[in-house]
Amino acid sequence: MNATEPFHYPFEFRGQLGEFWRLWWRDILLCVVTLGVYIPWAQINIRRYFYRNTWLNGEVFNYTGNPIVILRGRALSLGLLAGCGVSAYYHAGWMLAISAFLLVILWPRLLLQSRRYTLRHTVYRGVHFDCDANYWQILAWWLIGGLLVLASAGLAYPYWSCWQYRLFIDTSCYGTSYFEFNAALGKFYRAACHTFFATVLVALTMFGIYHISPFFVDQPTYFEHFESVYFLLTLLLPLGMIVCAVARAHKDQLLAQHIQLHTHRFHSTITAPELAWVYFSNTLLVMFTCGLLLPWAIYRAQAYRIACLRLCPDGDWEAFITAEQERAETIGEEFQMHSGMEIAL
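About the cut-offs
- Residues numbered from 1 in each chain as written.
- Predicted model: local features only at pLDDT ≥ 70, side-chain atom pairs only at ≥ 80, totals over all residues.
- Heavy atoms only, no water.
- Helix = DSSP H or I, 4+ residues; strand = E, 2+ residues; numbered from the N terminus.
- Expected span 1.5 Å × (residues − 1).
- Buried < 20%, exposed > 50% of the residue type's maximum accessible area, 1.4 Å probe, protein only.
- Pairing = 2+ DSSP bridges.
- Contact = heavy atoms within 4.5 Å.
- Salt bridge = Lys/Arg side-chain N within 4 Å of Asp/Glu carboxyl O.

**A closer look at helix 2 (residues 39-52)**
Inference 1: Helix length check: helix 2, at 14 residues, gives a terminal C-alpha distance of 20 Å against a target of 20 Å (1.5 Å per residue), a fit within 8%.
Inference 2: Inspection of helix 2 places Pro40, Ala42, Gln43, Ile44, Asn45, Ile46, Arg48, Tyr49 and Phe50 among the buried residues, and these make up the whole buried set.

**Things to note about the pairing of strand 3 (residues 59-63)**
Inference 1: For strand 2 (residues 54-56) and strand 3, the ladder comprises 2 bridges, and the chain directions are antiparallel. Bridging across to strand 3, Leu56 finds its partner in Glu59.
Inference 2: Counting the residues between successive antiparallel strands, the hairpin from strand 2 to strand 3 contains 2 residues, one of them, Asn57, with a positive phi of roughly 55 degrees.

**Some remarks on helix 10 (residues 294-307)**
Inference 1: Along its 14 residues, helix 10 runs 20 Å from first to last C-alpha, staying within 8% of the 20 Å computed at 1.5 Å per residue.
Inference 2: Within the sequence span of helix 10, burial applies to Pro295, Ala297, Tyr299, Ala301, Ala303, Tyr304 and Ile306.
Inference 3: Buried residues belonging to helix 10 abut strand 1 (9-13), helix 1 (17-33), helix 2, strand 2, helix 9 (272-288) and strand 10 (309-312).

**A short note on the pattern of salt bridges**
Inference 1: Under the definition given, this model contains 6 salt bridges.
Inference 2: Between Glu12 and Arg14 there is a salt bridge whose closest N-O contact spans 3.4 Å.
Inference 3: Of the residues examined, Glu12 reaches a relative accessible area of 33% and is grouped as partly exposed.
Inference 4: The class for Arg14 is partly exposed, based on a relative accessible area of 40%.
Inference 5: Across the pair Arg120 and Asp130 runs a salt bridge, and its minimum N-O distance is 2.9 Å. Taken together, the positions of Arg120 in helix 4 (residues 93-120) and Asp130 in strand 5 (residues 127-131) put the pair 10 residues apart, joining distant regions of the chain. Across the pair, Asp130 and Arg120 agree in class, each one buried.

Now the structure itself:
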């Protein structure tokens, strides 16, 4: 650590690629054998693997979720989607309207319950995380924000995304101490501009290659031959992945560098170009190996993001943890009594 750098605790990822590889393909096999029923168990296993291999200040995280809860949430959401599909197939306008209305109204509830469940079953040093957002806050973000995005032809999307981050992070807590997301709205519009410029660059590249490629010389129409269509799709996939990688990288960078817990700040050495390269190269390798390297790509991206994260404590971190542990012992029984029926996605 440099003398000019603030004191920090680095996050460490101590997983082994071979171990994750075996876990991944075992769960994939079980999902195939059970016709998808095992998917919630696979999701829990993967999340638990990453949590139990993430260390902070010599202590490990843990995840205690139950796959039955996820299965219940998935069944409910699939039931709503199936209702919309059946109504549309039989041209039952009133049934479709009712199903769509229920989907719009209930989706924020499912989203809230899922996030609350995930946080409540995330544990660090015996203290659980939690989320105290309410349904009306999520519904307002979902409906009003969504309508703003539609009405503005997408121009309000950075505002909607900023609203989402602040809503879900500011209502999350570790024990009794709350997180805070302090990124300015302008940073979201700056990230959107970078994504837009990447999209324009990809479009111009496609246009230029289209007109100089021998695949398109002396063809009366653009898509007359299969070779030209195949060439365009082959070219579009990696270039389109650049745009997705840039967007995801800026999102992760904003998330990692503008969060604090109580008075304790987090810092990340993630840079958007580096993270974009990780996502882009991962996607290329997964595509060219027909999915065989997907576990390696997931492992690589997660390990990189965790290794770049730092906790910069403001004061005595151990005293802060001890105080939260004491409060957790006091409210533990009350939490168990009021947890209610749990649903997750």
